[in-house]
Amino acid sequence: MLKKLVTLFATTLVLQGSALAQETIKVGLLNMDSGPFAVVGKYIAEGAAFAIESLNAQGGALGRKYELVTQAHAGTPAAAIASYQKLVEQQGITFVTGLNISSTALALAPKVATMNALLIDSTTAADALVGKQCSQNYFRIAMSDAMIMQANREIVKKSGVKNWDILAADYAAGHDYASKFAALVKDGGGTVQNTLFAPLSTTDFGSYITQLSAKPADGLMVMFPGGGAIALAKQQAQFGLFGKFKNVITAYFTNDTLVDAQGDTTVGLFTLQDYQWQLPGAKNAAFVKAFEARYKRKPSYLDGNLYVSIELLHEAILKAKSTDLAAVRSAMAGLKYNSVGGGEVEMRAGDHQMMRPLSLVQVVKAGEGKAQMTMKEIQPVSLVTPPVSPECKM
């Protein structure tokens, strides 16, 4: 009898161990299925799916495979909070990434700080998220406004332009970006002539184009993301707006997720991206080749950023040798590793901002009515990384 009990106990342990080994590591994905940013939703979905597929093909982590759980929402702060809570509280997910904009991320920040899950942000730039609203549970791999401004400082200086107009989207990130760009211009001895804000939902930019055309400054800075950027690009081309300025600097307005829909209306413009498929390194080259084979296109900056987000989580789990929240969080803070996103990167412990190079890319002609993005230069970490904000108190 005793022998049978011992055998039964041993068998139970083996079965429990086998079940544990088969349990997946769930990764929550926030996405948007409506609103101005729904236009980029497919890149979020495909980038995340490819990362999960790739890591699982390599064996997953700790003998377990990854599982992606997607929660889409309408893109408002309230909807983002509800979706995040559903992933964490109802589905028991500990690690979340995906599509956010500054307004949704800023609304999520207090929840993230108190809930039993990590948010790895792959898309927002607001400095407050790694400043006064930083928290132990929030990590960002996307470039910050401060990083963009560090790079723009050199771009503005090289342009020689002193007098600027600004057209930005009327939401948190747009106002933040416009005020920082204005300060940058002022620091360089220049002035901002006009600052215009258009709602994210704008489809007719006629009045804004008329105001800017009436008395254009020497330079124009445009910060307008999402579906509205497509309408703005096409409408300004009809009036030759950008041709009235000696220099046009953009942020989020044209990139490899929007350029196909914009046609050749943004040819010649420069922008900064945190990921660009032409980044050097064997690891990125392998990623690009595999991604293109899977989706028949080059990875966009969003695809790359989603991969980097899940890649970061994977590296932290391997370092921690655990999926325990506290262990992974501790491993992630200060983590350095070789990434597809620009070689060696570091998740800075002081504010949980990833330190990585930025890519200066330009829109070039790619046939009649078509355009594509091409790498012009890499802005190194030493140039673009600002110090940790004194407002960040972990």
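Each remark here, short or long, concerns the structure printed above.
Anyway, here's the lowdown on the structure attached to this text. All of these numbers come straight from a predicted model, not from anything done at the bench.

## Some words on helix α4 (residues 102-114)
Here α4 contains 13 residues, and its C-alpha end-to-end distance of 19 Å stays within 8% of the 18 Å for a straight helix at 1.5 Å per residue. Along its length, α4 shows its largest kink, about 40 degrees, at Leu108, and proline Pro110 lies within four residues downstream of that point. Contact partners of the buried residues in α4: β1 (25-32), α3 (77-90), β4 (118-121), β5 (138-140) and α6 (172-187).

## Things to note about the sheet that holds strand β13 (residues 354-355)
If you trace the three strands from one edge of the open sheet to the other, you get β11-β12-β13, paired in antiparallel fashion. Across the chains shown, the open sheet's two edge strands, defined by having one partner strand only, are β11 (336-339) and β13. Where β11 and strand β12 (residues 343-347) come together, four bridges link them in antiparallel fashion. What sits directly across from Asn338, in β12, is Glu344.

## Considerations on unusual backbone geometry
The phi torsion at Lys296 lies on the positive side, around 60 degrees, for a residue other than glycine. Topologically, Lys296 is positioned in the loop between α10 (282-295) and α11 (301-320). Since its relative accessible area comes to 69%, Lys296 is described here as exposed. Not every positive phi belongs to a glycine, and His352 is a case in point at roughly 65 degrees. Position of His352 among the secondary structure elements: in the loop between β12 and β13. Residue classification places His352 among the buried residues on the basis of a relative accessible area of 3%.

## Re the nonpolar core
Formed by 100 residues in total, the largest nonpolar core has its most connected members in Phe181, Met223, Phe253, Leu312 and Met332. Tallying contributions element by element places α11 first for this core, with 10 residues. Within the second largest apolar cluster, 20 residues are counted, among which are Val69, Ala80, Ala105 and Met115.

## Topic: the packing of aromatic side chains
Scanning all chains against the criterion turns up 13 aromatic pairs. Centroid distance Phe37 to Tyr171: 6.5 Å. Interplanar angle 55 degrees. Geometry classified as tilted. In this pair, Phe37 is assigned in the loop between β1 and α2 (41-57) and Tyr171 in the loop between β6 (163-169) and α6, connecting sequence segments 134 residues apart. Each member of the pair Phe37 and Tyr171 is classed as buried. Ring centres 4.7 Å apart and planes at 45 degrees place the aromatic pair Phe287 and Tyr307 in the tilted group.

## Digging into the packing of α2 against α11
Look at α2 against α11: their axes get within 8 Å of each other, and the N-to-C directions meet at 40 degrees. By the criterion of interaxial angle, the relationship of α2 to α11 is oblique. Between α2 and α11 the crossing geometry is right-handed. For the pair α2 and α11, contact is made by Tyr43, Ile44, Glu46, Gly47, Ala48, Phe50, Ala51, Ile52, Ser54 and Leu55 and by Leu302, Asp303, Leu306, Tyr307, Ile310 and His314, respectively. In the contact of α2 with α11, the residues fall into 11 nonpolar, three polar and two charged.

Parameters at a glance
Residues numbered from 1 in each chain as written. Predicted model: local features only at pLDDT ≥ 70, side-chain atom pairs only at ≥ 80, totals over all residues. Heavy atoms only, no water. Helix = DSSP H or I, 4+ residues; strand = E, 2+ residues; numbered from the N terminus. Expected span 1.5 Å × (residues − 1). Bend = angle between axes of the 7 residues up to and from the residue. Contact = heavy atoms within 4.5 Å. Pairing = 2+ DSSP bridges. Buried < 20%, exposed > 50% of the residue type's maximum accessible area, 1.4 Å probe, protein only. Core = buried A, V, L, I, M, F, W, Y, C linked by side-chain atoms within 4.5 Å. Phe/Tyr/Trp six-rings, centres within 6.5 Å; stacked < 30°, edge-to-face > 60°. Axes fitted to C-alpha atoms, helices over the stretch in contact; angles between N-to-C directions. Parallel < 35°, antiparallel > 145°, perpendicular 65-115°, else oblique. Left-handed = near helix turned anticlockwise from the far one by under 90°. Nonpolar A, V, L, I, M, F, W, Y, C, P; charged D, E, K, R; others polar.

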